[in-house]
Amino acid sequence: MPQLIEVEFKGNRRDFFMWPFDDAPKLKTAVIVEVERGEDLGRVCAIGETAKLRKSGTTHGKAAPSRSPAARRAANATEIARAAELRADEESVRRQAIDMVRTLDLEMKISDVEWQLDRKRLTVYFTAEKRVDFRTLVRQIETACATRVHMWHIGVRDEARRLDGIGRCGRQFCSASWLPDLRPVKSSVAKDQRLSTLNPAQISGTCGRLMCCLRYEHEFYVQQRKKFPKEGKIVTTLQGEEKIVSNDIFRETVTLRNPAGEFRVIPLVVFRQELAGIAADPVEPDLDTTSEDDDEGEESGGAVRADRTPRAGGPERPPRPE
């Protein structure tokens, strides 16, 4: 039974195709797919229900035509080797295109080029601040490469996704590794995460725009802050009137200050109980300070540690998700 598959090409470019055979291909399988004016080679990255779900939720899926093109067959060793040769040749073609741009004095940047498997089309990816007349450039590239040239204007985020790299967090770009869509990141998300006071360079990615992680982490910050009282507010607890100094949404604690200037940090649950006039349950002391390890220490003549005081400072803040 035919089923939908998602195929990945060079530069994290993806598209959806119909697999016409009963047996579904395995992930990472090289397949030959039907494209405009010929054939191309890509690798399967999603099949079946997963592919359907991604098509309904990703930008490249929603923009796809109602009828998906066909995936014709699995690629053989000869076709895989041919694709590798084309990938090796693309760098020299890109450099030729860059030289042509400089000669024509065009205000554009050639980011990448991509051959179609049958060499019937060459896609040139570029970035530009404003509209550029590249008709002469296209004619020159078509003459040099003896093929049809397709110019594709991309943004700086898409450029970073195609070229890939390591972010300031030390990990691969989210846009290239797992992020299904690249959406604008507004400055308001940095404000909601209390990052707006930082230097813009500290919260910007390699592309020069605000980091993508600010956007997909935003919902967590919004939902967490709804649980906490407003900072600076005066409240009445079991200790009397106190001012809310700060909230820790990761440890879920509230820092309070009384009129005498004394601070205390309490869990959010305890804070809510005190607002309701309910005293927090006292913590039962751990009277049994002897464990199996301690018994072994006594038998061996070693000293037994009786101090069970928890380490100061509390738990460390969990790492920021990437």
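Check the entry above for the structure.
Residues numbered from 1 in each chain as written. Predicted model: local features only at pLDDT ≥ 70, side-chain atom pairs only at ≥ 80, totals over all residues. Heavy atoms only, no water.

### A short note on the packing of aromatic side chains
Taken as a whole and judged by the stated rule, the model has eight aromatic pairs. Ring centres of Phe 126 and Phe 134 lie 5.5 Å apart, and the angle between their planes is 70°; on these two criteria the pair is classed as edge-to-face. Where Trp 178 meets Tyr 216, the ring centres are 5.0 Å apart and the plane angle is 75°; that geometry is what we call edge-to-face. With a gap of 38 residues between them, Trp 178 in the loop between helix H6 (174-177) and helix H7 (187-192) and Tyr 216 in helix H8 (residues 212-216) connect regions that are remote in the sequence. One aromatic cluster is present, formed by Phe 220, Tyr 221 and Phe 250 through successive ring pairs. Sitting above the plane of the Trp 115 ring, Arg 119 keeps its charged end 4.0 Å from the centroid. Positioned above the aromatic ring of Tyr 125, the side-chain terminus of Arg 162 is 3.7 Å from the ring centre. (Phe/Tyr/Trp six-rings, centres within 6.5 Å; stacked < 30°, edge-to-face > 60°. Helix = DSSP H or I, 4+ residues; strand = E, 2+ residues; numbered from the N terminus. Lys NZ or Arg CZ within 6 Å of the ring centre and 35° of its normal.)

### Examining the pairing of strand S11 (residues 253-257)
Within S11, four of the five residues are buried, which leaves it mostly tucked inside the rest of the structure. Counting the residues that bridge the hairpin from strand S10 (residues 240-248) to S11 gives four residues, and of these Glu 252 lies at a positive phi of roughly 60°. As paired strands, S11 and strand S12 (residues 263-267) are joined by five bridges and run antiparallel to one another. When the sheet's bridge partners are listed, Val 254 is paired in S12 with Ile 266. As consecutive antiparallel partners, S11 and S12 are separated by five residues, and within that stretch Gly 261 has a phi angle of approximately 90°, a positive value. (Buried < 20%, exposed > 50% of the residue type's maximum accessible area, 1.4 Å probe, protein only. Pairing = 2+ DSSP bridges.)

### Looking at the side chain of Glu 90
For Glu 90, the position within the fold is in helix H3 (residues 77-104). Not counting residues up to four positions away in its chain, the partners in contact with Glu 90 are Lys 10, Val 113, Glu 114 and Trp 115. (Contact = heavy atoms within 4.5 Å.)

### Some words on the packing of H3 against helix H4 (residues 135-145)
The angle between the axes and the distance between the axes are what describe a pair of packed helices. Direction vectors running N to C along H3 and H4 enclose 145°, while the axes themselves pass 10 Å from each other. The two elements H3 and H4 meet at a crossing, and its hand is right-handed. Contact with H3, carried on its side by Val 93, Gln 96, Ala 97, Met 100, Val 101 and Leu 104, involves Thr 136, Leu 137, Gln 140, Ile 141, Ala 144 and Cys 145 of H4 and no other residues of that element. Split into classes, the residues belonging to the contact of H3 with H4 amount to nine nonpolar, three polar and no charged. (Axes fitted to C-alpha atoms, helices over the stretch in contact; angles between N-to-C directions. Left-handed = near helix turned anticlockwise from the far one by under 90°. Nonpolar A, V, L, I, M, F, W, Y, C, P; charged D, E, K, R; others polar.)

### Details of the pattern of salt bridges
The final tally for this structure, using the stated rule, is 27 salt bridges. Its salt-bridge partner being Glu 274, residue Arg 264 comes within 2.6 Å of it at the nearest N-O pair. Of the two residues, Arg 264 sits in strand S12 while Glu 274 sits in helix H10 (residues 268-275), which places them 10 residues apart along the sequence. Comparing Arg 264 with Glu 274 shows no difference in burial state: the two are buried. (Salt bridge = Lys/Arg side-chain N within 4 Å of Asp/Glu carboxyl O.)

### Looking at the pairing of strand S9 (residues 234-237)
With burial as the criterion, only one face of S9 is covered, namely that bearing Val 235 and Thr 237; the residues Ile 234 and Thr 236 on the opposite face remain uncovered. In the sheet, S9 pairs with S10 via four bridges, with the strands oriented antiparallel. Bridged to Thr 237 within S10 is Gly 240. Taking the residues between adjacent antiparallel strands as the criterion, S9 and S10 are bridged by two residues.

### Quick look at helix H1 (residues 48-57)
Those residues of H1 lying buried are Gly 48, Ala 51, Arg 54 and Lys 55. Taken down its axis, H1 places every buried residue within 125° of arc, on the same side. Facing away from the buried side of H1 by more than 90 degrees, the exposed set consists of Glu 49 and Leu 53. Buried residues along H1 sit in contact with strand S1 (3-8), strand S2 (14-19), strand S4 (38-47) and helix H2 (59-62). (Arc of directions from axis to C-beta.)

### Details of the environment of Arg 251
Considering the arrangement of structural elements, one finds Arg 251 in the loop between S10 and S11. C-alpha separation for the pair Arg 251 and Pro 267, spaced 16 residues apart in sequence, amounts to 8.0 Å. A polar contact of 2.8 Å, which involves the side chain of Arg 251, links it to the side chain of Asp 248. (Polar contact = N/O pair within 3.5 Å; in protein donor to acceptor, adjacent residues only side chain to side chain.)

### Points about the side chain of Arg 94
Looking at the secondary structure, you find Arg 94 in helix H3. For Arg 94, the contacting residues outside a window of four places in its chain are Ile 110, Ser 111, Asp 112 and Val 113.

### Examining the nonpolar core
Core analysis: the biggest nonpolar cluster contains 28 residues, and Met 108, Ile 110, Leu 122, Val 124, Leu 137, Ile 141 and Met 151 have the highest contact counts within it. The greatest single-element share of this core, amounting to seven residues, is contributed by H3. Apart from the residues lying within four places of it in its own chain, the contact partners of Ile 110 are Arg 94, Ala 97, Ile 98, Val 101, Val 124, Tyr 125 and Phe 126. Counting 11 residues, the second largest nonpolar core, distinct from the first, contains Ile 244, Ile 249, Leu 256 and Ile 266. (Core = buried A, V, L, I, M, F, W, Y, C linked by side-chain atoms within 4.5 Å.)

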